[in-house]
Amino acid sequence: MQRGSDRLNVHRDDEMKHELKGLLRSGHPTRVEEWHDPEPAADDDPEVWSGPVGGLGSPASLERVRLELARHLSRHAFPANAADVARALRRGNAPGGLVDAVARLPRSERYANVQELAEALVGE
């Protein structure tokens, strides 16, 4: 018998494991409880890549580019070259300007994560 400072009992622990099993196995939200899923961006939301929020010329452009890339890519997209990332962005319905900028990167380069890709796009 385990005696500790658990806040939940054994039955609630098993119930929570069952609720999270689909999310943990798939790596993306499941349809079991849609109210947990983040709401998608609306059509009239300003784009982070360009527009009134700021684009490549703004002082915090690395953070904004990284945020926009992370919104449309999963961890499974890396490591990859520019063509693979551009395909993944198209599948994720990323803004056209972002897809075009990634497609213009050298095809010989491989990127291990979103940070490396954002740095290549910003030019750091």
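Note that the structure is predicted; figures quoted are calculated from it, not measured.

Here's the deal with the nonpolar core
If you look at soluble globular proteins, the nonpolar side chains tend to sit buried side by side. Counting 23 residues, the largest nonpolar core has Leu69, Leu73, Phe78, Val85, Leu89, Leu117 and Leu121 as its most contacted members. Secondary structure elements with two or more residues in this core: α2 (61-72), α3 (82-91), α4 (96-103) and α5 (114-122). In terms of residue count, α3 provides more of this core than any other element does, five residues in total. Residue contacts for leucine 117: discarding those within four places in its chain leaves Leu69, Leu73, Phe78, Val85, Leu105 and Tyr111.

Side note on the pattern of salt bridges
In this structure the tally under the stated criterion is three salt bridges. Notably, a salt bridge pairs arginine 71 with glutamate 68, separated by 3.0 Å at the nearest N-O pair. With arginine 71 and glutamate 68 both in helix α2 and three residues apart, this pair spans about one turn of that helix. Given the relative accessible area of 43%, arginine 71 is considered partly exposed.

Remarks on the confidence of the model for the protein chain
Per-residue pLDDT for the protein chain averages 76, and the proportion of residues at 70 or more is 67%. For the protein chain, helix α1 (residues 10-26) is the element with the lowest average pLDDT, namely 78, and strand β2 (residues 110-111) is the one with the highest, namely 91. Confidence drops under pLDDT 50 across residues 51-56; counting only partners more than four residues distant or on other chains, this segment forms 17 contacts.

What to know about the packing of α2 against α5
Orientation of α2 relative to α5, taken along the N-to-C sense of each, is 130°, at an axis distance of 9 Å. What the angle tells us is that α2 and α5 run oblique. Of the two elements, α2 crosses α5, and the hand of that crossing is right-handed. Touching Ser61, Leu62, Val65, Arg66, Leu69 and Ala70 of α2 are Val114, Gln115, Leu117, Ala118, Glu119, Leu121 and Val122, all from α5. Tallied by class, the residues present in the contact of α2 with α5 amount to nine nonpolar, two polar and two charged.

Focus on α2
Spanning 12 residues, α2 covers 17 Å between terminal C-alpha atoms, matching the ideal 16 Å at 1.5 Å per step. Burial in α2 covers these residues: Ser61, Leu62, Val65, Glu68, Leu69 and His72. Down the axis, α2 shows its buried residues gathered within 135° of arc, on one side only. In the core, the buried residues of α2 are packed alongside α3, α4 and α5.

The rules behind these values
- Residues numbered from 1 in each chain as written.
- Predicted model: local features only at pLDDT ≥ 70, side-chain atom pairs only at ≥ 80, totals over all residues.
- Heavy atoms only, no water.
- Core = buried A, V, L, I, M, F, W, Y, C linked by side-chain atoms within 4.5 Å.
- Buried < 20%, exposed > 50% of the residue type's maximum accessible area, 1.4 Å probe, protein only.
- Helix = DSSP H or I, 4+ residues; strand = E, 2+ residues; numbered from the N terminus.
- Contact = heavy atoms within 4.5 Å.
- Salt bridge = Lys/Arg side-chain N within 4 Å of Asp/Glu carboxyl O.
- pLDDT = per-residue confidence, 0-100.
- Axes fitted to C-alpha atoms, helices over the stretch in contact; angles between N-to-C directions.
- Parallel < 35°, antiparallel > 145°, perpendicular 65-115°, else oblique.
- Left-handed = near helix turned anticlockwise from the far one by under 90°.
- Nonpolar A, V, L, I, M, F, W, Y, C, P; charged D, E, K, R; others polar.
- Expected span 1.5 Å × (residues − 1).
- Arc of directions from axis to C-beta.

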